[in-house]
Amino acid sequence: SQQGEEDPQALSIQEGENATMNCSYKTSINNLQWYRQNSGRGLVHLILIRSNEREKHSGRLRVTLDTSKKSSSLLITASRAADTASYFCATALPGSNYKLTFGKGTLLTVNP
Amino acid sequence: DGGITQSPKYLFRKEGQNVTLSCEQNLNHDAMYWYRQDPGQGLRLIYYSQIVNDFQKGDIAEGYSVSREKKESFPLTVTSAQKNPTAFYLCASSGGGEQETQYFGPGTRLLVL
């Protein structure tokens, strides 16, 4: 089974609204990463948060990590139509930085 | 122009045929990876290589083989033993060690005739 599971599976919002996606995982991690994938393309790294961090920001992105609940959230503020994509969380287990385990993703649609 | 290239973009395989997917990177990264993505699914790790001339099986290695003779190249062969090869294949690389961010190529879509 997947280490990370995103929720919701699909999200549709209007331009300008905020989008929140969640990721839950099962075992202790070294870090958690969020990636974006446009349809039929490769993945693009968005942000990495380590197990000893609680929150990180990058532009319009805000990621939180709650290791006690084994969950993370990705917030995209002031969304744009160009943010339409699938978003994946990926976890790296302690001692295995080379191996990432990906969730099934959240498909975000931002309507103009 | 640095990055990861994959070729071809589309590949067709006949029954009983082995096919090889190419992955090249000019990022000077030590580690390289192959993932398989099925529709509506996340990525599953097929093989990864931390350094030249060394590679390890991922979660779904059966029916696949790899080589890592050069730092820049990590080709994936889908053998006839892989009974359900139709998928989107993604190659990635990372700096290794504490550089955990992975950089992805554009992918190869493999279809069975």
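Provided above is the structure to which this section pertains.
Description of the structure in this document. Quantities reported herein were computed from a predicted structural model and do not represent experimental measurements. (Residues numbered from 1 in each chain as written. Chains lettered and ligands numbered in written order. Predicted model: local features only at pLDDT ≥ 70, side-chain atom pairs only at ≥ 80, totals over all residues. Heavy atoms only, no water.)

1. Some points on the overall build of chain B
The test is simple: Segments assigned H or I by DSSP are reported as helices when at least four residues long, segments assigned E as strands when at least two residues long, and all are numbered from the N terminus. The size measure is the radius of gyration over C-alpha atoms, and the globule rule it meets is 2.2 Å times the number of residues to the 0.38 power. For the exposure calls, accessible area comes from a 1.4 Å probe over protein chains only, and a residue counts as buried if that area is under 20% of its type's maximum, exposed if over 50%, partly exposed in between. Residue contacts are defined here by distance: any two heavy atoms, one from each residue, within 4.5 Å place the two residues in contact.
Each helix and strand in chain B was counted, giving zero helices and eleven strands. Mapped from its N terminus to its C terminus, chain B presents α and β elements in the order β-β-β-β-β-β-β-β-β-β-β. In summary, chain B has a C-alpha radius of gyration of 13 Å against a globular reference of 13 Å for 113 residues, a match within 12%. Projected onto its principal axes, the C-alpha positions of chain B cover 40 × 25 × 25 Å. The 113 residues of chain B split such that 50% are buried. For chain B, long-range pairs separated by at least 24 residues make up 52% of all intrachain contacts whose partners lie at least 6 apart in sequence.

2. Regarding the interface of chain B and chain A
What counts here: By buried area we mean how much accessible surface two parts lose on assembly, using a 1.4 Å probe and totalling the loss over both. The working definition used for a salt bridge is a side-chain nitrogen of Lys or Arg within 4 Å of a carboxyl oxygen of Asp or Glu.
Listed per partner, the contact involves 24 residues of chain B and 20 residues of chain A. Summed over both partners, the interface of chain B with chain A buries about 1,800 Å², with 51% contributed by carbon and sulfur atoms. The largest share of the area that chain B buries against chain A comes from Leu43(B), Glu100(B) and Phe104(B), three residues that together contribute 28% of it. For the interface between chain B and chain A, the tally reads two salt bridges.

3. A closer look at the state of the cysteines
What we call a disulfide is simply a covalent bond connecting the sulfur atoms of a pair of cysteines. Let me state the cut-off plainly: Cysteine sulfur pairs qualify as disulfides if the two atoms are within 2.5 Å.
The full count for this structure, using the stated rule, is two disulfides over all chains. Note on cysteine connectivity: Cys23(A) is disulfide-linked to Cys89(A), with sulfurs 2.0 Å apart. Across the S-S bond of Cys23(A) and Cys89(A) the torsion is about 65°, and the bridge reads as right-handed. Pair noted here: Cys23(A) is in strand β3 (residues 19-25) and Cys89(A) is in strand β9 (residues 85-92), with a separation of 66 residues, a long-range link. Exposure class is identical for Cys23(A) and Cys89(A). Each is buried. The disulfide that involves Cys23(B) links it to Cys91(B), with 1.9 Å between the sulfurs. Judged by the sign of its S-S torsion, about -75°, the bond between Cys23(B) and Cys91(B) is left-handed. Of this pair, Cys23(B) sits in strand β3 (residues 19-25) while Cys91(B) sits in strand β9 (residues 87-94), placing them 68 residues apart in sequence. Each of the two residues, Cys23(B) as well as Cys91(B), counts as buried.

4. With respect to a nonpolar patch on the surface
For clarity, the threshold we go by: Patches were defined on residues exceeding 30% relative accessible area and lacking a salt bridge, with like-charge contacts within 9 Å and nonpolar side-chain contacts (Val, Leu, Ile, Met, Phe, Trp, Tyr) within 5 Å. Surface accessibility follows the Shrake-Rupley procedure with a 1.4 Å probe radius. Residue values consider only the protein chains on display as shielding.
Among the surface-exposed residues, Tyr10(B), Phe12(B) and Leu113(B) lie close enough to one another that they form a single nonpolar patch of about 360 Å² accessible area. Take Phe12(B): its relative accessible area is 45%, and that puts it in the partly exposed class.

5. As for the sheet that holds strand β1 (residues 4-7) of chain A
Residue and element names in this part refer to chain A. Which entries qualify depends on this criterion: Here, strands pair whenever DSSP counts at least two bridges between them. Under this scheme, a helix contributes an axis fitted over its contacting stretch, all axes are lines through C-alpha atoms, and angles between N-to-C directions fall in the 0 to 180 degree range.
Read from one edge of the open sheet, five strands run β1-β3-β8-β7-β6, paired in antiparallel fashion. At either margin of the open sheet sits one strand with a lone partner, and together these are β1 and β6 (55-58). Adjacent strand axes in the sheet meet at a mean angle of 15°, parallel and antiparallel pairs treated alike. As defined by bridge partners, β6 adjoins strand β7 (residues 61-66) across four bridges and the pair is classed as antiparallel. What sits directly across from His57, in β7, is Arg62.

6. A few points about the environment of Gln37(B)
To keep things clear, this is the line we draw: Here a polar contact is recorded for every N or O atom pair within 3.5 Å, except that within protein the pair must consist of a potential hydrogen donor and a potential acceptor, and residues adjacent in sequence are included only if both atoms are side-chain atoms.
The topology assignment puts Gln37(B) in strand β4 (residues 31-37). We classify Gln37(B) as buried; its relative accessible area is 10%. Separated by 34 residues in the primary sequence, Gln37(B) and Gly3(B) place their C-alpha atoms 20 Å from one another. Contacts of Gln37(B), omitting those with residues within four sequence positions, involve Gln37(A), Phe88(A), Gly42(B), Leu43(B), Ala87(B), Phe88(B) and Leu90(B). A polar atom in the side chain of Gln37(B) sits 2.9 Å from the side chain of Gln37(A).

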